[in-house]
Amino acid sequence: MNHKVSPSLLSANFANLAADINMLNHSEADWLHIDVMDGVFVPNISFGFPVLKYVAELTEKPLDVHLMIVSPEKFIKEVKALGTMMMNVHYEACPHLHRVIQQIKEADMKAAVTLNPATPVAMLTDIIRDVDMVLIMSVNPGFGGQKFIEHSLEKVKELRRLIDSTGSNALIEVDGGVNLETGEKLVKAGADVLVAGNAVFSAPDPQEMIHRLKALK
Ligand code: DX5
Ligand code: ZN
């Protein structure tokens, strides 16, 4: 299966979101990655549901919503109302992760769990068959444009082994510091979905960058 590319709206021009969303609609992007932050779980605040309502109306791409917030289960209804395809919660934010994953699925969304850089892949052993995707954070969450943590490659390989040995169908997504160089290594290590913010939006031609990220082998 070819890997997917999910550009992160966090690096877009927030005063001109319609133009950037329109650009992505006409690109080879597979999904639109949406980073919601609360200033508590991560040391930054991005955007919330009043803004995302309009983003959701404009985008033609399936929404890949990454919640960097405490108690994400409180917002399942709001996330669903956007028409979200994939709802992504942090392992570190969910003491009752199994319940949250079931609630997301009951709301008819795909369910993903995200691991911070310091959280081992082995923590997912008992939930890997229940999730549709695992997101490996390859930077500490909260900001775009950070440097890729090289150890993430080992985590992707380990996760690939866990998925293959358990018969799980989970996709592997990687988020943070993804560019053409780290993206190529990630695809070789077994990543199914590349998130890219800065690499796309700081490129002279963002659509061409998405094309090149899609073409990595
Ligand atoms: C960081 C966010 C990322 C961010 C990635 O907390 O989860 O999705 O937008 O940005 P880049 O690709 O610039 O590292
Ligand atoms: Zn993200």
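Criteria and cut-off values
- Residues numbered from 1 in each chain as written.
- Chains lettered and ligands numbered in written order.
- Predicted model: local features only at pLDDT ≥ 70, side-chain atom pairs only at ≥ 80, totals over all residues.
- Heavy atoms only, no water.
- Buried < 20%, exposed > 50% of the residue type's maximum accessible area, 1.4 Å probe, protein only.
- Helix = DSSP H or I, 4+ residues; strand = E, 2+ residues; numbered from the N terminus.
- Pairing = 2+ DSSP bridges.
- Right-handed = clockwise from strand over helix to strand, strands pointing away.
- Contact = heavy atoms within 4.5 Å.
- Near = heavy atom within 4 Å.
- Polar contact = N/O pair within 3.5 Å; in protein donor to acceptor, adjacent residues only side chain to side chain.
- Areas by Shrake-Rupley, 256 points an atom, 1.4 Å probe, with all protein chains shown as cover.
- Axes fitted to C-alpha atoms, helices over the stretch in contact; angles between N-to-C directions.
- Left-handed = near helix turned anticlockwise from the far one by under 90°.
- Nonpolar A, V, L, I, M, F, W, Y, C, P; charged D, E, K, R; others polar.

### A few points about the pairing of strand 8 (residues 193-196)
Within a regular beta strand, the side chains point alternately toward one face of the sheet and then the other, so they alternate between its two faces.
Here is step 1 of the chain: Neither face of strand 8 is left uncovered, since the one carrying Val193 and Val195 and the one carrying Leu194 and Ala196 both have all their residues buried.
Here is step 2 of the chain: The sheet contact formed by strand 1 (residues 4-7) and strand 8 spans four bridges and is parallel. Counted as the bridge partner of Pro7 is Ala196 from strand 8.
Here is step 3 of the chain: The sheet contact formed by strand 7 (residues 171-175) and strand 8 spans three bridges and is parallel. By the bridge assignment, Asp175 is partnered in strand 8 with Val195.
Here is step 4 of the chain: The β-α-β motif built from strand 7, the intervening helix 6 (residues 180-189) and the parallel element strand 8 has right-handed crossover chirality.

### Topic: the environment of Ile127
Here is step 1 of the chain: Among the secondary structure elements, Ile127 is positioned in the loop between strand 5 (110-115) and strand 6 (133-137).
Here is step 2 of the chain: Between the C-alpha atom of Ile127 and that of Ser168, which follows or precedes it by 41 residues, the distance is 9.6 Å.
Here is step 3 of the chain: In contact with Ile127, not counting residues within four places along its chain, are Leu97, His98 and Ile101.

### Thoughts on the site of ligand 1
Here is step 1 of the chain: By nearness alone, 19 residues border ligand 1, and Ser8, Gly142, Gly145, Asp175 and Gly177 come closest of all.
Here is step 2 of the chain: Contact distances for ligand 1 include 2.8 Å between an oxygen atom and a side-chain N or O atom of Asp35.
Here is step 3 of the chain: Contact with the protein chains removes 99% of the 390 Å² of surface that ligand 1 exposes when unbound.
Here is step 4 of the chain: Among the secondary structure elements, those contributing two or more residues to the shell around ligand 1 are strand 2 (32-37), strand 3 (63-68) and strand 8.

### Some thoughts on the sheet that holds strand 4 (residues 86-90)
Backbone hydrogen bonds hold the strands of a sheet together, and the pairing may be parallel or antiparallel.
Here is step 1 of the chain: Spatially, 1-8-7-6-5-4-3-2 is the arrangement adopted by the eight strands of the open sheet, whose pairing is parallel. The open sheet is flanked by strand 1 and strand 2, the only strands paired with a single partner. Within the sheet, the average angular offset between the axes of one strand and its neighbour, ignoring direction, is 25°.
Here is step 2 of the chain: Relative to the sheet, helix 5 (residues 152-166) contacts strand 6 and strand 7, its axis offset from that of strand 6 by approximately 165°.

### Quick notes on unusual backbone geometry
Here is step 1 of the chain: Located in the positive-phi region is Ser71, a residue other than glycine, with phi close to 45°.
Here is step 2 of the chain: Relative to the helices and strands, Ser71 resides in the loop between strand 3 and helix 3 (76-81).
Here is step 3 of the chain: Backbone geometry at Asp108 places phi at a positive 65°, although glycine is not the residue there.
Here is step 4 of the chain: Of note, Asp108 is situated in the loop between helix 4 (97-106) and strand 5.
Here is step 5 of the chain: You can call Asp108 exposed: its relative accessible area is 63%.

### Overview of the packing of helix 1 (residues 17-25) against helix 2 (residues 49-58)
Here is step 1 of the chain: Running from amino to carboxyl end, helix 1 crosses helix 2 at an angle of 35°, the nearest separation of the two axes being 10 Å. Note on packing geometry: the crossing formed by helix 1 with helix 2 is right-handed. Contact with helix 1, carried on its side by Leu17, Ala18, Ile21 and Asn25, involves Val51, Val55 and Leu58 of helix 2 and no other residues of that element.
Here is step 2 of the chain: Of the residues assigned to the contact of helix 1 with helix 2, the class counts are six nonpolar, one polar and no charged.

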